[in-house]
Amino acid sequence: MAARLKIPGGIVAELAAEFAGTMILILFGVGVVAQVAGAGIGDHDSIAWAWGLGVVLGVYVAGRISGAHLNPAVTLALAVFKGFEWRKVLPYSIAQFLGAFVAALIVRWNYTEVLHAADPGLTIKTQGVFSTLPGNGTLPVGEWGAFRDQIIGTAILLFLILAVTDVMGTPPQANLAPFIVGLIVVAIGMAWGTNAGYAINPARDFGPRLASFLTGYGGAFRDQTGYLYFWIPIVAPLIGGVLGAGLYQGLVGRYLPKLGQPEPGQLPEEPTRENVEARNG
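Residues numbered from 1 in each chain as written. Predicted model: local features only at pLDDT ≥ 70, side-chain atom pairs only at ≥ 80, totals over all residues. Heavy atoms only, no water.

So what about the nonpolar core? Which residues, and what values?
Residues Trp-51, Phe-130 and Leu-157 are the most contacted members of the largest nonpolar core, which totals 55 residues. Of all elements in the fold, only helix H1 (10-39), helix H2 (44-66), helix H3 (72-81), helix H4 (89-110), helix H7 (143-165), helix H8 (177-191), helix H9 (202-214) and helix H10 (232-251) reach the threshold of two or more residues within this core. Element by element, the count of residues in this core is highest for H1, at nine residues. Residues within four places of Phe-130 in sequence aside, it is in contact with Val-30, Ala-104, Val-107, Arg-108, Leu-115, Arg-204, Asp-205, Pro-208, Arg-209, Ser-212 and Tyr-217. Grouped together as the second largest cluster of nonpolar side chains are seven residues, Ala-146, Phe-147, Ile-151 and Tyr-229 included. (Core = buried A, V, L, I, M, F, W, Y, C linked by side-chain atoms within 4.5 Å. Buried < 20%, exposed > 50% of the residue type's maximum accessible area, 1.4 Å probe, protein only. Helix = DSSP H or I, 4+ residues; strand = E, 2+ residues; numbered from the N terminus. Contact = heavy atoms within 4.5 Å.)

Printed below as a string of structure tokens:
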């Protein structure tokens, strides 16, 4: 999401950055849900804001080195539409998953007493601290409704990420892009959090889900009906991310002025050496 310079360390540095950035994201995101569900401190709005702030901080951590995807759906969409190297898609996704997994283990460890007091059996009551559920575990939303929801939510996410990071559009200045991307996640949480808990990120859901399963949540891979739900927050965001990025490219990106080309109503640039060289590549 951020412009990058030549980074020493190559792919190792990029994967370390993706791991660290995703870990920061999950420390705040899963941490706030543990606080709300386990201790009753906070509410839906504090969850939405903490997830958004987690994104902001994670992007600031990793952006200069890896671009701070922090999400396999972002990585895949950038490979499909923005020239991101396909050979890096799987390694980036694994690093993101591992960052989410480690962060969730830390949250699980730190909130052990609170979670066991609120839910001694480690049941569906607090399973949503770590992973998403259709209808957040209580509302009348089925698995396919959740699948639809995750496609739509992730499509919105990628459409807007491409919009605010497109240098030919109107990107935020003064290194504010991470803050704006965080606000996008806050807005999605506030408007699209009912049907499936707005995972919109396969690593965000599967990493903590596995961590919870390994630490006592025996039903972590299933939803409240017993359905083997874990695949939905993996597959649907990947589809939605590509769909949203494609919609942005088709509806907006391809119509933006090229480098050195004036926007409608603007005077042409003076033929300086710099913009001639930029125009000629």
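How would you sum up the side chain of Ser-66? Please name residues and give values.
Mapped onto the elements, Ser-66 comes out in helix H2. A distance of 2.5 Å separates a polar atom in the side chain of Ser-66 from a polar atom in the side chain of Glu-18. At 3.1 Å, the side chain of Ser-66 and the backbone nitrogen of Ala-68 are in polar contact. (Polar contact = N/O pair within 3.5 Å; in protein donor to acceptor, adjacent residues only side chain to side chain.)

Explain the pattern of salt bridges to me, and be specific about the residues and the numbers.
For the structure on display, the rule yields four salt bridges. When the shortest N-O distance is used, the salt bridge between Glu-85 and Arg-87 registers 2.9 Å. With a relative accessible area of 59%, Arg-87 lands in the exposed category. Put simply, Lys-88 and Glu-85 hold a salt bridge, and the shortest N to O gap is 3.2 Å. Each of Glu-14, Glu-85, Arg-87 and Lys-88 takes part in salt bridges that share partners, so that together they form one network. (Salt bridge = Lys/Arg side-chain N within 4 Å of Asp/Glu carboxyl O.)

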